[in-house]
Amino acid sequence: MLKGELIFGLLILAGSLLLFWVTGSFQKQTALQGAQMGPSFWPRFLLGGLILLSGIISVGVIRRIMKEKAWGESLMTMDPGKVRFFAAIGLSIAYLVLLPVLGFIAITPVFMIAFMLLLGEKSKGWIIGVSIAMTAIIVVLFTKAMYVPLPRGVWLFREFSLLFY
Amino acid sequence: MDIWISALQTVFQPTMLFFILLGVMIGTVLGAIPGLNSTMGTALLIPFTFAMEPANGLALLAAVYCGGTFGGSISAILFNVPGAPEAAATGFDGYPMAQKGKAGEALGYAIMSSVLGGLFSVLVMTLVSPQLAKVGLTFSQPEYFALAVAALTLISSLGGAGMGKAFIAGLIGLFLATIGIDEMTAADRFTFGTKALMGGVNFIPAIIGAFAIGEILAKAEEGKGLSGEHLNIKVSTKLPKIAELLRLKWTILRSAVIGTAIGILPGVGATTAAFIGYSETVRWSKHPEKFGTGVPEGISGPETANNAATGGAMVPLLTLGIPGSATTAVIIGGFLVHGLQPGPMLFINQPKLMYSIFIAMFVANIFMLFAGLFVAKLFANFRKVRYSILGPIIFVFAAIGSFGIRNDMTDVWIMFACGLLGYFFKKFKYPIAPMIIGLVLGPLTEVSLRKGMFMTDYAWGPFLMRPIAGTILVIAVGSVLWNLYSVFIKKGKASLEEVE
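Criteria and thresholds
- Residues numbered from 1 in each chain as written.
- Chains lettered and ligands numbered in written order.
- Predicted model: local features only at pLDDT ≥ 70, side-chain atom pairs only at ≥ 80, totals over all residues.
- Heavy atoms only, no water.
- Helix = DSSP H or I, 4+ residues; strand = E, 2+ residues; numbered from the N terminus.
- Rg over C-alpha atoms; globule rule 2.2 N^0.38 Å.
- Buried < 20%, exposed > 50% of the residue type's maximum accessible area, 1.4 Å probe, protein only.
- Areas by Shrake-Rupley, 256 points an atom, 1.4 Å probe, with all protein chains shown as cover.
- Salt bridge = Lys/Arg side-chain N within 4 Å of Asp/Glu carboxyl O.
- Core = buried A, V, L, I, M, F, W, Y, C linked by side-chain atoms within 4.5 Å.
- Axes fitted to C-alpha atoms, helices over the stretch in contact; angles between N-to-C directions.
- Parallel < 35°, antiparallel > 145°, perpendicular 65-115°, else oblique.
- Left-handed = near helix turned anticlockwise from the far one by under 90°.
- Contact = heavy atoms within 4.5 Å.
- Nonpolar A, V, L, I, M, F, W, Y, C, P; charged D, E, K, R; others polar.
- Domains from an automatic or database assignment.
- Expected span 1.5 Å × (residues − 1).
- Bend = angle between axes of the 7 residues up to and from the residue.
- Phe/Tyr/Trp six-rings, centres within 6.5 Å; stacked < 30°, edge-to-face > 60°.
- Lys NZ or Arg CZ within 6 Å of the ring centre and 35° of its normal.
- Buried area = accessible area lost by both parts, 1.4 Å probe.
- Polar contact = N/O pair within 3.5 Å; in protein donor to acceptor, adjacent residues only side chain to side chain.

A few words now on the overall build of chain A. Counting its secondary structure elements, chain A contains 7 helices and 0 strands. Going from N to C terminus, chain A has its helices and strands arranged as α-α-α-α-α-α-α. Against the globule reference of 15 Å for 165 residues, chain A gives a C-alpha radius of gyration of 24 Å, more extended than a compact globule. Projecting the C-alpha coordinates of chain A onto the three principal axes gives extents of approximately 55 × 55 × 25 Å. A total of 165 residues make up chain A; the buried ones form 42% of that total. Element-wise, carbon and sulfur atoms account for 74% of the exposed surface of chain A, whose accessible area totals about 9000 Å².

Residues and elements named next belong to chain B. All told, the structure shown has 16 salt bridges over all chains when counted by the stated rule. A salt bridge links Glu446 to Arg189; the nearest nitrogen and oxygen atoms lie 2.8 Å apart. Taken as a pair, Glu446 in helix α19 (residues 433-455) and Arg189 in strand β2 (residues 188-189) lie far apart in primary sequence, 257 residues in all. For Glu446, a relative accessible area of 3% gives the class buried. When the shortest N-O distance is used, the salt bridge between Glu297 and Arg247 registers 3.6 Å. Taken together, the positions of Glu297 in helix α13 (residues 296-320) and Arg247 in helix α10 (residues 242-247) put the pair 50 residues apart, joining distant regions of the chain.

Let us look at the nonpolar core. Judged by nonpolar contacts, the single largest core of 125 residues is most densely connected at A:Tyr95, A:Phe104, B:Ile20, B:Met314 and B:Phe335. Top element by residues in this core is helix α16 (residues 351-380) of chain B. It accounts for 17 residues. The next biggest cluster of nonpolar side chains, apart from the first, holds 83 residues, and it includes A:Leu50, A:Ile65, B:Ala169 and B:Ala270.

We now examine the packing of helix α6 (residues 124-145) of chain A against helix α17 (residues 387-406) of chain B. Running from amino to carboxyl end, α6(A) crosses α17(B) at an angle of 25°, the nearest separation of the two axes being 11 Å. It follows that α6(A) is roughly parallel to α17(B) by the angle criterion. In this structure, the crossing between α6(A) and α17(B) has a hand that is right-handed. Within the contact between the two elements, α6(A) uses A:Trp126, A:Val130, A:Met134, A:Ile138 and A:Phe142 and α17(B) uses B:Ile389, B:Ile393, B:Val396, B:Phe397 and B:Ile400. For the contact of α6(A) with α17(B), the residue count by class is 10 nonpolar, no polar and no charged.

All names here are of chain B. Along the chain, Val115 falls in helix α5 (residues 88-137). Look at Val115 and you get buried, because its relative accessible area is 5%. Spatially, the C-alpha atoms of Val115 and Phe362 are 9.4 Å apart, while their sequence positions differ by 247 residues. Excluding residues within four positions of it along the chain, Val115 makes contact with Asn365, Met368 and Leu369.

Next up on the list: the domain arrangement of chain A. For chain A, the domain assignment lists domain 1 (2-68) and domain 2 (80-162). Computed from C-alpha coordinates alone, the two centres of domain 1 of chain A and domain 2 of chain A are separated by 38 Å.

Owing to its 3.6 residues per turn, the α-helix brings residues three or four apart onto one side. In this model helix α18 (residues 409-427) of chain B runs 27 Å from its N-terminal to its C-terminal C-alpha over 19 residues, within 8% of the 27 Å that 1.5 Å per residue would give. Restricting attention to buried positions, one finds in α18(B) the residues B:Met409, B:Thr410, B:Asp411, B:Val412, B:Ile414, B:Met415, B:Phe416, B:Cys418, B:Gly419, B:Gly422, B:Tyr423 and B:Phe425. Of the surrounding elements, those touching the buried residues of α18(B) are α1 (2-22) and α4 (80-102) of chain A together with α8 (163-176), α9 (203-222), α17 and α19 of chain B.

Moving on: unusual backbone geometry. Residues and elements named next belong to chain B. The phi angle at Asn80 is positive, at roughly 65°, despite the residue not being glycine. Structurally, Asn80 can be placed in the loop between α4 (54-79) and α5. Owing to a relative accessible area of 8%, Asn80 belongs among the buried residues under this scheme. In this model, Ala186 sits at a positive phi of 65°, which is unusual for a non-glycine residue.

What follows is about α4(B). Residues and elements named next belong to chain B. Here α4 spans 38 Å end to end across 26 residues, near enough to the 38 Å set by a 1.5 Å rise per residue. Within α4, the axis deviates most sharply at Gly68, by approximately 25°. Count one or two residues on from α4 and you reach Asn80, which has phi positive near 65°.

What follows covers the packing of aromatic side chains. Under the defined criterion, the tally for this structure stands at 30 aromatic pairs over all chains. Cluster of aromatic residues (ring-pair linked, three or more members): A:Phe8, A:Phe85, A:Phe86, B:Tyr423, B:Phe424, B:Phe425, B:Phe428 and B:Tyr430. The ring of B:Tyr430 has B:Lys165 lying over it, and the distance from NZ or CZ to the ring centre is 5.1 Å. Its guanidinium or amino end placed over the ring of B:Tyr387, B:Lys219 lies 4.4 Å from that ring's centre, counting from NZ or CZ.

Many authors give the size of an interface as the accessible area that is lost as the parts come together. On the side of chain A, 63 residues touch chain B, which itself brings 64 residues to the contact. Summing both sides of the interface, chain B and chain A together bury roughly 5800 Å²; the carbon and sulfur share of this comes to 84%. A per-residue breakdown of the area chain B buries against chain A is headed by B:Ile400, B:Phe428 and B:Tyr458, which together make up 10% of the total. Counting the contacts that link chain B with chain A gives 2 salt bridges. As a salt-bridge pair, B:Lys165 and A:Glu5 come within 2.5 Å of each other at their nearest N and O atoms. If you look at where chain B meets chain A, you find 6 residue pairs in polar contact (both at pLDDT 80 or more). Put simply, the parts of the chain that give the side of chain B that touches chain A at least two residues each are α3 (38-49), α8, β2, α9, α17, α18 and α19 of chain B. Residue composition of the side of chain B that touches chain A, by class: 45 nonpolar, 9 polar and 10 charged.

Structure (structure tokens):
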């Protein structure tokens, strides 16, 4: 846990340093040359604060690791919880990638069924009923009642979506 | 006086009362569903109001506005998914209270606070509209900057002993708000050539992601409460007793004043009001360390303020014709379809209509009590559903709610990225609330600072020494120093006890 916290702190530090370097290109893009508070002023102030604080936090975590002699703790142990966590991330990414390709109505019931199974739902009636009913409710509520468009997908999937919204 | 009696007769017609109730119900339901909001609702209803009497139509729109501002807190409390951005601060304490099995109490506090905040602001709007509008217009960039800084100082109270982590979270939120085209110089900041990021990071997907997706991922990993445990939970909204409300009297009164005042300022709406309301509640509390764990003050503070902002935002609209928020900008359309131009002349030409709107908003806030109870009961039933079913439903609503903002998948990816960030924040004990506060107040802070400094030719003295701005800043800085001092005193005592 402490090693994970250290890595997270160091990632914030490294990211802030990198973004601070990126701010160097802002002044070149602006017409207001010489302005005392240009486009990089505020981000640099914030990133400077982040660099300082994440550095202090990271040093504090290193001191705790040394005190608790936790250098040996493993980051890569896979328990069922971690498997479920990574599977949930994978499934979510797959859904978000496929949403504009297959369209909301085609992919959402499949995603919901897979996610419910992943979270350990056992009732087949609930799984199928909820995934179909929720998709239908969202389609009607968003596209018919409130005129909020949903992703339609491409090619044949677009034609399929057009049958409903 | 005759005008008032005539306006009362107009409002207490069965048709008008029906439209007010309908508006409050529609607004509350729309507010409670992520991705839909009262601005959208008022915009869609404008064509329908064309066929109505102007007073009925405008009362309907005002009622949707009142209901929508409250509705977002229902889903924020029950599922940690704010239905609307102004409800995000309500979730800071509302959701922890619901997790303790007190969802009914949390909803009760939210409903009562909303009603009282709304009634207060309508009363103020009715009595001193023109005078307040003039004061609001004297606010300039330094005052806006001071207000934003005052709200940001809340971050120092939210971290407890882990103040460093709270400040990191706040700075990340403020940084995320800088992504996109710079408002003052048109420089492209941190978009890395991505066109969709040029418009900036919208805070609604970020809020939804940080709270809802972070929670879903954490629950998936924990594996607790995924099946069965929630089935026997009974959620019935419990309105607070008089004694409990009296205990919150100063919180409610303070937030009502703050909300009304913020609502009056053009361009600063209910969301900022809610965060400043929460911030001031924490600042004045004797137990700031308890906030975020589910305390009633943490619900009442922001919820009173955001609904008080609805009445406040109507002040510049009705008296000067300037909208105080996005929804009131849409409501101008409601006036225009009836050939009415909001502004000072309306008080002279159509006084009965103006006073009818005041009374209609008063009635709408009272109806909100019943509509709130009904809609909260409806949504509370979802909490009985086990998380293995509820989790995927929340995920889909979060994704579609984010997509609906600009019809752009980038917002959905921002929502997911903020969800991952929210998960790691939770895991490594970084508070999420400061990040959201930073993201919401970031643009106001940066723009008011840079514009204000430009106005004073980059001289700090004239920028900071204005009476209102200076007073607010002194109080804000003083409270941060006090918090730092308190933390060091506590740490000192703890280490002394260790030595002993």
